There are 2 protein chains.
Amino acid sequence: MLFGKNFSDHMFLMNYDENKGWHDPRIIPYQTLSLAPSTMVFHYGQELFEGLKAYRTKNGEIQLFRPEKNIERMNNTSRRLCIPEIDPSDALQAIKEIVKTDSDWVPHEADHSLYIRPFIIATDPFIGVKPSSTYLFMIILSPVGSYYPEGINPVKIYVENEYVRAVKGGIGASKAGANYAASLKGQDKAKHLGYTQVLWLDGVERKYIDEVGTMNVFFVIDGVVKTPALEGSILPGVTRDSCIHILKSWGYKVEETRVALQEIIDASRNGKLNEAFGTGTAAVISPIGTLNNGGEEIIINNAEIGPIAKKLYDTITGIQYGEIKDEFGWTLTV
Amino acid sequence: MLFGKNFSDHMFLMNYDENKGWHDPRIIPYQTLSLAPSTMVFHYGQELFEGLKAYRTKNGEIQLFRPEKNIERMNNTSRRLCIPEIDPSDALQAIKEIVKTDSDWVPHEADHSLYIRPFIIATDPFIGVKPSSTYLFMIILSPVGSYYPEGINPVKIYVENEYVRAVKGGIGASKAGANYAASLKGQDKAKHLGYTQVLWLDGVERKYIDEVGTMNVFFVIDGVVKTPALEGSILPGVTRDSCIHILKSWGYKVEETRVALQEIIDASRNGKLNEAFGTGTAAVISPIGTLNNGGEEIIINNAEIGPIAKKLYDTITGIQYGEIKDEFGWTLTV
Ligand SMILES: Cc1ncc(COP(=O)(O)O)c(C=O)c1O
Ligand SMILES: Cc1ncc(COP(=O)(O)O)c(C=O)c1O
């Protein structure tokens, strides 16, 4: 099942205008939108999205994983983009209702799920550069197959030295469509060179690691787990946050800090780079086997998945599919 | 006549797909677009635009001003955003045809014009992060009144120290919708503080001047004209380029260089800051009367329009409306 191509029968809509605020929440059959060519979203990219999943448990129930974190991040993105915030309980209600309506679309197969895509677009039919005065909030649903149909294989990552995705003071910490537009070129370059994803460096000194494609990134150096701190240029991933909590509960030392690329290279040379992996809703955990830095390749953990990455993957997916006790209170039954 | 709210009777459309390339150029009545909610442009901001104008001359003809520069910039933006380029002669043809079709919409009043908005949106109905494989190129037209109905008044500008618009290695030199989404917050802040536009500083050192809102910026210090160099974080404005050519033809020394904010403050203190002005298609020349830097206000040229700004405005608008001989070969009759 190809991700992002098929959509369920219904969609959720809610409108915003300055008089009524967010109003008219409704679920209607999935259908095309009619928009004037002058609609702001086509011109100034005032748009944001979120991404989370609904999981089918063994006993047939449907679970969400930390949806309140996605809603919180959506409102943070809204503030950065001058989009009016949505009451978190209304947003959660909307997600639950649309998933309930199309609950038959939540797959029963192992490791499958229903991807939930809330998004907001600016809808003023006006081409002056200013925040729109009207918006449309929508939720669409897309069934998605197993990310790892053939088992978890470590990926090859290309360190991007030319293009920059985001910079402190910019919108890199937001889930704004704009960030993804800015990232396409680097991703494309990495793909053409035979790499799965791009590793972004900070836009100021070009020395510190930001994130990997659409994932946050973790390194295990000499038994200590390091991940770039949330300093404004990377997305605060829900999976990242979950990993940090789980690792700490296991007694690991986790440092949210600046991670210099050189530190990773040095650790690799000294045999102290135990593991590296990306984290995100799509793959959950994506072990990094190879890192290409300016033509030089670093192989991490013999390009095999490491024990921490494996245990995190099993734990998080176990919680998501209701196979492991949810000690953190992260799941919500729809 | 409010800019950007009213549109002419027709629009130009052309589609792209991987088999046919850009194909099916057509002019149809102005109408809404039907797009699936999954359409990429709503999610990842893969979109760009251009902006230029058609001018009515005294003898009733219609002129474009350097349209080939906008087309060149559009293709540069396309490359940065992984959008397929359009043959420049096809793009020029499209602009000419749509303006001809709706030639009655080019106003006859002095200082009025018809704003031309070419734009491209990603149209794959697919929510994976990758460049779209289909696109829509459109041109819409909006009549626009005089920018200065009450004469040219210098504007108040706020120096933004917190938010960053763009950084070298990013997409700041592109006319990507994404840049405007990123700029809204700073603009909004400036407006709330009582300023017309925001002056953006570079995202790396936060010391050098990038541009002003939707304008490039020029300073006249002790008779020498300085404007930030095109180093990747500012838009290469057509008006900027025209000003440089005209100023040089007048014998001015024009430096395209890094301009430190401190240099401007020092020049102002020493009485050597003669003039400051923004340049862009909308206003042509917008003199800057006041600059607020962290609460401290600099008044430039007694908050009056300076002689160079005035002469540039008269010259460029004179060429655009066919009242001055076009020595540079910049105009094109439709
Ligand atoms: C740029 C970027 N970084 C990181 C992530 C990971 O975030 P999350 O764990 O919330 O899915 C994502 C989204 O999936 C992303 O798009
Ligand atoms: C960010 C930005 N800078 C500068 C300009 C000026 O460019 P031009 O002179 O081509 O209109 C514009 C557009 O008008 C702009 O949007």
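Everything numeric in this text was worked out from a predicted model, so none of it was measured.

Quick look at the overall build of chain A
1) Next: Check the secondary structure of chain A and you find seven helices and 18 strands.
2) Next: For 334 residues, the compact-globule formula gives about 20 Å, and the C-alpha radius of gyration of chain A, at 20 Å, lands near that figure.
3) Next: Each principal axis of the C-alpha distribution contributes one length, and for chain A these read about 60 × 50 × 35 Å.
4) Next: Out of the 334 residues in chain A, the part that is buried amounts to 60%.
5) Next: Residue pairs in contact within chain A that sit at least 24 positions apart in sequence constitute 69% of those at least 6 positions apart.
6) Next: In chain A, 34 side chains carry a positive charge and 41 a negative one; their mean positions are 3 Å apart.

Some points on the side chain of Ser142 of chain A
All names here are of chain A.
1) Next: As for its position among the elements, Ser142 is in strand E8 (residues 135-144).
2) Next: Exposure remark for Ser142: the relative accessible area of 0% places this residue in the buried category.
3) Next: Side-chain polar atoms of Ser142 contact the backbone oxygen of Asn6, separated by 2.7 Å.
4) Next: With near-sequence residues (within four places) excluded, Ser142 lies in contact with Gly4, Lys5, Asn6, Phe7, Ser113, Leu114 and Tyr115.

Quick word on helix H3 (residues 88-101) of chain A
Spacing of three or four residues puts side chains on the same side of an α-helix, whose turn is 3.6 residues.
Residues and elements named next belong to chain A.
1) Next: When the terminal C-alpha atoms of H3 are compared, their 20 Å separation across 14 residues agrees well with the 20 Å that a helix rising 1.5 Å per residue should span.
2) Next: The set of residues buried in H3 consists of Ala91, Ala94, Ile95, Ile98 and Val99. Looking straight down H3, one finds its buried side chains confined to an arc of 120°; they lie on one side.

Concerning the site of ligand 1
Residues and elements named next belong to chain A.
1) Next: Looking at ligand 1, there are 16 residues lining it, with Tyr180, Glu211, Val238, Thr239 and Thr281 nearest.
2) Next: Between ligand 1 and Glu211 there is a distance of 2.6 Å, counted from a nitrogen atom to a side-chain nitrogen or oxygen.
3) Next: Take Val238: an N or O atom from its main chain is 2.7 Å from an oxygen atom of ligand 1.
4) Next: Relative to its unbound accessible area of 380 Å², ligand 1 is 95% covered by the protein chains.
5) Next: Of all elements in the fold, only helix H5 (238-249) and strand E15 (273-280) reach the threshold of two or more residues within the shell around ligand 1.
6) Next: Taken together, the residues that form the shell around ligand 1 break down as four nonpolar, eight polar and four charged.

Side note on the interface of chain B and chain A
1) Next: Listed as interface residues are 60 residues of chain B and, on the opposing side, 60 residues of chain A.
2) Next: Summed over both sides, the interface of chain B with chain A buries roughly 4900 Å², with 66% coming from carbon and sulfur.
3) Next: By the criterion of area lost to chain A, the three top residues of chain B are Pro37, Phe42 and Leu184 of chain B, representing 14% of everything that side buries.
4) Next: Run the count over chain B and chain A and you get zero salt bridges.
5) Next: The interface formed by chain B and chain A holds 24 residue pairs in polar contact (both at pLDDT 80 or more) in total.
6) Next: If you list the elements that add at least two residues to the side of chain B that touches chain A, you get strand E3 (33-35), helix H1 (41-44), strand E4 (47-49), helix H2 (67-80), strand E7 (113-122), strand E8 (135-144) and helix H4 (177-192) of chain B.
7) Next: Broken down by element, the residue count for the side of chain B that touches chain A peaks at eight residues, all from H4 of chain B.
8) Next: Grouping the constituent residues of the side of chain B that touches chain A by class yields 35 nonpolar, 14 polar and eleven charged.

Thoughts on the relation of the copies chain B and chain A
1) Next: It takes a turn of 180° to lay chain B on chain A, together with a shift of 0.0 Å along the axis; the resulting RMSD is 0.0 Å. Such values leave the two copies arranged in the relation of a two-fold axis.
2) Next: When the interface residues of chain B are mapped onto chain A, 100% of them again lie at the interface, so the same face is used by both copies.

Structural notes on the site of ligand 2
Residues and elements named next belong to chain B.
1) Next: Tyr180, Glu211, Val238, Thr239 and Thr281 are the nearest of the 16 residues found near ligand 2.
2) Next: Between ligand 2 and Thr239 there is a distance of 2.6 Å, counted from an oxygen atom to a side-chain nitrogen or oxygen.
3) Next: Thr281 is positioned with one of its side-chain polar atoms (N or O) 2.6 Å from an oxygen atom of ligand 2.
4) Next: Of all the elements in the fold, those that place two or more residues in the shell around ligand 2 are helix H5 (238-249) and strand E15 (273-280).
5) Next: Residue composition of the shell around ligand 2, grouped by class: four nonpolar, eight polar and four charged.

Remarks on the nonpolar core
1) Next: Phe137 of chain A together with Phe137 of chain B are the most contacted members of the largest nonpolar core, which totals 70 residues.
2) Next: Dropping the residues within four chain positions of it, Phe137 of chain B is found in contact with Phe12, Leu13, Met14, Trp22, Met74, Ile86, Ala94, Pro118, Phe119 and Ile120 of chain B.
3) Next: Membership of the second largest hydrophobic core comes to 38 residues, among which are Tyr44 and Ile121 of chain A together with Ile121 and Leu136 of chain B.

What about unusual backbone geometry?
All names here are of chain B.
1) Next: The backbone of Val284 sits at a positive phi, close to 65°, despite the residue not being glycine.
2) Next: Position of Val284 relative to the elements: it lies in strand E16 (residues 284-293).
3) Next: The backbone of Ala303 sits at a positive phi, close to 55°, despite the residue not being glycine.
4) Next: Mapped onto the elements, Ala303 comes out in the loop between strand E17 (296-299) and helix H7 (307-320).
5) Next: Judged by its relative accessible area of 34%, Ala303 falls in the partly exposed class.

What about the domain arrangement of chain A?
Note on interface size: it is often stated as the accessible area lost on association of the parts.
Residue and element names in this part refer to chain A.
1) Next: Looking at the assigned domains, one finds that chain A contains domain 1 (10-144) and domain 2 (155-320).
2) Next: Put simply, the middle of domain 1 and the middle of domain 2, counted by C-alpha atoms, are 27 Å apart.
3) Next: Taken residue by residue, the interface counts 18 residues in domain 1 and 20 residues in domain 2.
4) Next: For the pair domain 1 and domain 2, the two sides together bury roughly 1700 Å², of which 56% comes from carbon and sulfur.
5) Next: In terms of surface lost to domain 2, no three residues of domain 1 exceed Phe49, Phe65 and Arg73, which account for 35% of the buried area on that side.
6) Next: Counting the contacts that link domain 1 with domain 2 gives one salt bridge.
7) Next: In this structure, Arg66 engages Asp241 in a salt bridge whose closest nitrogen and oxygen atoms are separated by 2.8 Å.
8) Next: Counting the contacts that link domain 1 with domain 2 gives 13 residue pairs in polar contact (both at pLDDT 80 or more).
9) Next: For the side of domain 1 that touches domain 2, the leading source of residues is helix H2 (residues 67-80), giving five residues.
10) Next: Residues that form the side of domain 1 that touches domain 2 fall into these classes: six nonpolar, four polar and eight charged.

Here we look at the pattern of salt bridges
1) Next: All chains considered together, the criterion is met by 40 salt bridges over all chains.
2) Next: Of the charged contacts, one joins Glu255 of chain B and Lys226 of chain B as a salt bridge, the two residues approaching to 3.4 Å between their closest N and O atoms. Taken together, the residues Glu255 of chain B in strand E14 (residues 254-257) and Lys226 of chain B in strand E13 (residues 224-228) connect sequence positions 29 residues apart.
3) Next: Judged by its relative accessible area of 23%, Glu255 of chain B is partly exposed.
4) Next: With a closest N to O distance of 3.2 Å, Lys253 of chain B and Glu255 of chain B form a salt bridge.
5) Next: Three or more residues are tied together by salt bridges with common partners; here these are Lys168, Glu205, Lys207, Glu231 and Arg258 of chain A.

A closer look at the pairing of E15 of chain B
Residue and element names in this part refer to chain B.
1) Next: The buried count for E15 comes to seven of eight residues, which makes it a mostly enclosed element.
2) Next: Of the pairings in the sheet, the one linking strand E12 (residues 216-221) to E15 comprises six bridges and is antiparallel in character. Bridge pairing links Val217 to Gly278 in E15.
3) Next: Note that E15 and E16 share four bridges and pair antiparallel. Within E16, the position partnered with Phe277 by the bridge is Pro287.

Calculation rules
- Residues numbered from 1 in each chain as written.
- Chains lettered and ligands numbered in written order.
- Predicted model: local features only at pLDDT ≥ 70, side-chain atom pairs only at ≥ 80, totals over all residues.
- Heavy atoms only, no water.
- Helix = DSSP H or I, 4+ residues; strand = E, 2+ residues; numbered from the N terminus.
- Rg over C-alpha atoms; globule rule 2.2 N^0.38 Å.
- Buried < 20%, exposed > 50% of the residue type's maximum accessible area, 1.4 Å probe, protein only.
- Contact = heavy atoms within 4.5 Å.
- Lys, Arg positive; Asp, Glu negative; His and termini not counted.
- Charge placed at Lys NZ, Arg CZ, Asp CG, Glu CD.
- Polar contact = N/O pair within 3.5 Å; in protein donor to acceptor, adjacent residues only side chain to side chain.
- Expected span 1.5 Å × (residues − 1).
- Arc of directions from axis to C-beta.
- Near = heavy atom within 4 Å.
- Areas by Shrake-Rupley, 256 points an atom, 1.4 Å probe, with all protein chains shown as cover.
- Nonpolar A, V, L, I, M, F, W, Y, C, P; charged D, E, K, R; others polar.
- Buried area = accessible area lost by both parts, 1.4 Å probe.
- Salt bridge = Lys/Arg side-chain N within 4 Å of Asp/Glu carboxyl O.
- Least-squares fit on C-alpha atoms with pLDDT ≥ 70 in both.
- Core = buried A, V, L, I, M, F, W, Y, C linked by side-chain atoms within 4.5 Å.
- Domains from an automatic or database assignment.
- Pairing = 2+ DSSP bridges.

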